[in-house]
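# Residue-level structural notes
Here are the chains, one letter per residue:
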Amino acid sequence: MNLETFYEYCLSKKGVSEHFPFDEDTLVFKVGGKMFALSSLSQWEKNEQSVNLKCDPDRAQELRAEYDEIQPGFHMSKVHWNTVALNGNLADKFVKELIDHSYELVFKSLTKKIQNEIVDLR
């Protein structure tokens, strides 16, 4: 997956906004004010691209056992976040499924009021 595909896919999800809350390098995508994906832009430039995605703890363990490209979240909670290496070994479709899972976990954690506001967006 290239940076443009990652960027456009994340932004295509309902209610998503992009931020740089930590520094000018770390691109963060949020839904309802909560992070669901983040990535270092300088790592993309070095061709060492990866993304941190939220994940159900049980599924996170399964994914880490099955894929070398999926590791405990770098600088994140190792229980709830994975770092996914986007080195071309994982299919874009699979990476998009991981992004979807992260988005859905965060969306479901939002209050019903915020969820309804996002659902009602055009």
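Up top you'll find the structure we're talking about.
A brief structural summary. Per chain, residues are indexed from 1 in the order of the written sequence. At least 70 in pLDDT is required for a residue's local features to be given in this predicted model, at least 80 for side-chain atom pairs to be given and counted, and no such filter applies to totals for whole chains, interfaces and linings, which use all residues. The basis for every side-chain value is the complete set of non-hydrogen atoms in the structure, without hydrogens or water.

### Looking at the packing of helix α4 (residues 92-109) against helix α5 (residues 112-119)
Angles here are taken between N-to-C directions and fall from 0 to 180 degrees, while the axes themselves are lines fitted to C-alpha atoms, restricted in helices to the stretch in contact. In this text, helices come from DSSP runs of H or I with a minimum length of four residues, and strands from runs of E with a minimum of two, each type numbered from the N-terminal end. Contact pair α4 / α5: the axes reach a minimum separation of 8 Å and the direction vectors enclose 125°. When the axes of α4 and α5 are compared, the pair comes out oblique. Where α4 abuts α5, its residues Y103, F107, K108 and S109 lie against Q115, I118 and V119. Considered class by class, the residues forming the contact of α4 with α5 number 4 nonpolar, 2 polar and 1 charged. Note on terminology: angles under 35 degrees are roughly parallel, angles over 145 are roughly antiparallel, angles of 65 to 115 are roughly perpendicular, and the others are oblique. Whether two residues are in contact is decided by their heavy atoms: any pair within 4.5 Å suffices. Throughout this entry, Asp, Glu, Lys and Arg are counted as charged residues, while Ala, Val, Leu, Ile, Met, Phe, Trp, Tyr, Cys and Pro are counted as nonpolar. The remaining residues, Gly among them, count as polar.

### Here's the deal with the environment of V95
Residue position: V95 is located in helix α4. Remark: the alpha-carbon pair of V95 and F6, spanning 89 residues in sequence, is separated by 9.0 Å. Residues contacting V95, with those up to four places away along its chain left out, are M1, L86 and L90.

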